[in-house]
Amino acid sequence: MSAQQTIHVGGEWRSAASGATREIIDPADATVFALVAEGGTEDTDAAVAAARRAFDEGEWPRTPVAERAALLRRVADLLQRNREALGALESRDAGKTLEEGRVDVDCVADAFRYFADLVMNESGGRVVDAGSDEIHSVVVHEPVGVCALITPWNYPLLQASWKIAPALAAGNTFVVKPSEITPLATVELIHLLEEAGLPDGVANIVTGAGDPVGARLAEHPDVDLVSFTGGLSSGTKVMRAAADSVKKVALELGGKNPNVVFADACESDEDFDTAVDQALNAAFIHSGQVCSAGSRLIVEESMRERFVGELARRAEKIRLGRGTDDGVECGPLVSPQQLAKTEEYVASALAEGAVLRAGGRRPEGEGYEGYFYRPTVLDQCHREMRVVREEVFGPVLTVETFRTEDEAVALANDTEYGLAGAVWTADPGRARRVAGRLRHGTVWINDFHPYLPQAEWGGFGKSGIGRELGPAGLAEYREAKHIYQNLAPRPVRWFAG
Ligand code: NAD
């Protein structure tokens, strides 16, 4: 295994300036399967300088919109062409199932196409009525400049594309820093951007640790915007580091997402089956390592036993294994740290009085040498428990109950986060009332997890600042400029002179 050149600066692939490398671990069997360059401050500064030069002197910010959009579409086609390989790489690196890896690639291609369409359908600027025929006033939107894009390990390619596609569509240059745990697919994406014909210096990548690489990007005076997706504690560090240079900051942080189920959503056997199935999917897809995971089930007291009993029964049957193996429904956790954190949360919940209904253990036997943990259902939970308040980011579902609609809303909003939540009910009036009162950036009614590239994604409260996707996801990467042109200038005579 040779150290890969995974740092891309000004159109050139390099090893780290220090020569350091990092081993990439397959979470399904805890073995090393790749080596990447372990970048440092010197590599980061070089990448920012290249992005700066490409922005200040290069052609990309001034490239006609139609050409930028055409390039984004080429990238989407290349992603689709490489779907199997990229899906498999993402599966191995992040521990997700192969099918999830493939779906991620489709979603990434969709994001590139969406932002291509969005910029193509815009008018050039907004003419403002200045109240005089002698004034021409227009508001235009320009690229913000050099963007630092910092991404997490759970959806490496997807999170990178939600930043890279709009950043490029708007005419920016960037340096991306993928998670040090799962950098491989993002490195491949930069290769595809090159292949699509992006000019040198526009797309740069530095593989390496949060500190120093991410920290240096956040504080760097030549970076105009930092867009960060990751945990709350790293996000607050990024915001602090960005303060001195007053750069734009966008944060997509964690969630503690409620899934509120009213008894009226389960009146027929079919509806009951759907609500249970979706609660399972909400909590356990990708072993719960999803920012919008429905990790808090808030169910009407009258149907707790029936609902939780069936949910626990199905959770026990979820098939764990290597993501590329046939029939596997859930892969491992991404790292030993994530496994230890999950175990620690379950232990603390049990010590605080939660009742274990499913899981609560590592699977045993051959094929589970990696970081596997059984999908876990914890009943009799309440808001004072850490496991209910804090993001576990593992396959752990807590159960709380309510008796009234007001109680359900109060519980669902009782979190410092506010990323996503769902309400299940057969009553359309109740659905609209509850959806209106939930303080979360995405609210699903009788569904969980879908998102649309054309609809904004982001959080209330400590789930972040700003939005990705949708028109607002493009606006993050732009500055508004008002151009006021006086067609008949005259002295103003404010000063007598
Ligand atoms: P993390 O905060 O540990 O790391 C995220 C990224 O930040 C990594 O690239 C890391 O190297 C970097 N980083 C770490 N410290 C840094 C620092 N001081 N300065 C700059 N960069 C730094 O998060 P993670 O464990 O990789 O990902 C899981 C978290 O991401 C969860 O909290 C999850 O909810 C969140 N997430 C949110 C969304 C969303 O859309 N809101 C999506 C996916 C993941």
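Rules used in this analysis
Residues numbered from 1 in each chain as written. Predicted model: local features only at pLDDT ≥ 70, side-chain atom pairs only at ≥ 80, totals over all residues. Heavy atoms only, no water. Near = heavy atom within 4 Å. Polar contact = N/O pair within 3.5 Å; in protein donor to acceptor, adjacent residues only side chain to side chain. Areas by Shrake-Rupley, 256 points an atom, 1.4 Å probe, with all protein chains shown as cover. 1 Å grid on protein atoms, 1.4 Å probe; cavity = no way out; pocket = protein on both sides within 12 Å on 5 of 7 lines; lining within 4 Å. Sits in = over half its atoms within 2 Å of the grid points. Helix = DSSP H or I, 4+ residues; strand = E, 2+ residues; numbered from the N terminus. Expected span 1.5 Å × (residues − 1). Buried < 20%, exposed > 50% of the residue type's maximum accessible area, 1.4 Å probe, protein only. Contact = heavy atoms within 4.5 Å. Pairing = 2+ DSSP bridges. Right-handed = clockwise from strand over helix to strand, strands pointing away. Core = buried A, V, L, I, M, F, W, Y, C linked by side-chain atoms within 4.5 Å. Axes fitted to C-alpha atoms, helices over the stretch in contact; angles between N-to-C directions. Left-handed = near helix turned anticlockwise from the far one by under 90°. Nonpolar A, V, L, I, M, F, W, Y, C, P; charged D, E, K, R; others polar. Salt bridge = Lys/Arg side-chain N within 4 Å of Asp/Glu carboxyl O.

Go over the site of the ligand with me, naming the residues and quoting the values.
Around the ligand there are 28 residues in total, and Thr151, Trp153, Glu180, Ser234 and Glu391 lie nearest to it. Taking Glu391, its side chain carries an N or O atom lying 2.5 Å from an oxygen atom of the ligand. One nitrogen or oxygen atom from the side chain of Trp457 is found 3.0 Å from an oxygen atom belonging to the ligand. The protein chains hide 89% of the 840 Å² of surface that the ligand would expose on its own. Taking a 2 Å distance to the grid points as the criterion, the majority of the atoms of the ligand fall inside the largest pocket.

Quick rundown of helix 3 (residues 83–94)? Include the residues and the values.
Taking 1.5 Å per residue as the helical rise, helix 3 with its twelve residues ought to reach 16 Å, and the 16 Å between its terminal C-alpha atoms agrees with that figure. Residues Leu86, Gly87, Glu90, Ser91, Asp93 and Ala94 constitute the buried set of helix 3. Contacts made by the buried residues of helix 3 are with strand 3 (21–26), strand 4 (31–37), helix 2 (65–81), helix 4 (98–120), helix 5 (156–169) and helix 6 (184–196). Once helix 3 ends, the next one or two residues include Gly95, with phi positive near 80 degrees.

I'd love a proper account of the pairing of strand 12 (residues 258–261), names of residues and values included.
Both faces of strand 12 are covered, namely the face carrying Pro258 and Val260 and the face carrying Asn259 and Val261. Both strand 12 and strand 13 (residues 296–300) contribute to a ladder of four bridges, which runs parallel. Looking at the pairing, Val261 lines up with Val299 of strand 13. In this view, the connection linking strand 12 to its parallel neighbour strand 13 by way of helix 9 (residues 269–284) has right-handed handedness. Both strand 12 and strand 17 (residues 420–424) contribute to a ladder of three bridges, which runs parallel. Bridging across to strand 17, Asn259 finds its partner in Ala422.

I'd like a rundown of the nonpolar core, residues and numbers included.
Grouped together as the largest cluster of nonpolar side chains are 91 residues, with contacts concentrated most on Leu79, Phe112, Ile164, Phe174, Leu193 and Phe307. Residues contacting Leu193, with those up to four places away along its chain left out, are Val75, Phe112, Ile164, Leu168, Phe174, Leu198 and Ala203. Counting 24 residues, the second largest nonpolar core, distinct from the first, contains Ile7, Phe55, Phe228 and Leu251.

Please provide a residue-by-residue account of the sheet that holds strand 20 (residues 478–486), values included.
If you trace the three strands from one edge of the open sheet to the other, you get 5-6-20, paired in antiparallel fashion. Both edges of this open sheet fall to strand 5 (126–128) and strand 20, since each of them pairs with a single strand only. Each neighbouring strand pair of the sheet contributes to a mean axis angle of 25 degrees, computed without reference to strand direction.

So what's going on with the sheet that holds strand 17? Residues and values would help.
The sheet built from seven strands is open, its strands ordered 14-15-16-13-12-17-18 with mixed pairing. For this open sheet the edge positions go to strand 14 (355–358) and strand 18 (442–445), each flanked by a neighbour on one side alone. Sheet twist, expressed as the average angle between the axes of neighbouring strands with direction ignored, equals 20 degrees. Here four bridges tie strand 17 to strand 18, and the two strands are oriented parallel to one another. Each residue of the ladder has a partner; that of Ala420, found in strand 18, is Thr442.

Can you break down the packing of helix 13 (residues 405–413) against helix 14 (residues 428–437) residue by residue, with the values?
Orientation of helix 13 relative to helix 14, taken along the N-to-C sense of each, is 35 degrees, at an axis distance of 10 Å. The two elements helix 13 and helix 14 cross, and the hand of that crossing is right-handed. For the pair helix 13 and helix 14, contact is made by Glu405, Asp406, Val409 and Asn413 and by Arg430, Arg433, Val434 and Arg437, respectively. When grouped by side-chain class, the residues that make up the contact of helix 13 with helix 14 number two nonpolar, one polar and five charged.

I'd like a rundown of the pairing of strand 3, residues and numbers included.
Note on strand geometry: in a regular strand, side chains alternate between the two faces of the sheet. Judged from the six bridges that link them, strand 3 and strand 4 form a sheet pairing that is antiparallel. Bridging from a neighbouring strand, Ile25 pairs with Val32 of strand 4. Counted along the chain from strand 3 to the antiparallel partner strand 4, the turn is four residues long, and its residue Ala30 has a positive phi close to 60 degrees.

Now, about the packing of helix 5 against helix 6: what can you tell me, with residues and values included?
Across the interface, helix 5 lies against helix 6 with an axial gap of 9 Å and an inter-helix angle of 35 degrees. The handedness of the crossing between helix 5 and helix 6 is right-handed. For the pair helix 5 and helix 6, the contacting residues are Pro156, Leu157, Ala160, Ile164 and Leu168 in the first and Ala185, Thr186, Leu189, Ile190 and Leu193 in the second.

For the pattern of salt bridges, give the residues involved together with the corresponding values.
One pass over the full model with this rule turns up 42 salt bridges. The closest approach of N and O atoms between Arg313 and Glu310, which form a salt bridge, is 2.8 Å. Note that Arg313 and Glu310 are positioned in helix 10 (residues 304–316) at a spacing of three residues, about one turn of the helix. According to the relative accessible area criterion, Glu310 is buried, its value standing at 16%. Note that Asp406 is salt-bridged to Arg437, the shortest N-O span being 2.9 Å. Here Asp406 is found in helix 13, whereas its partner Arg437 is found in helix 14, with 31 residues between them in sequence.

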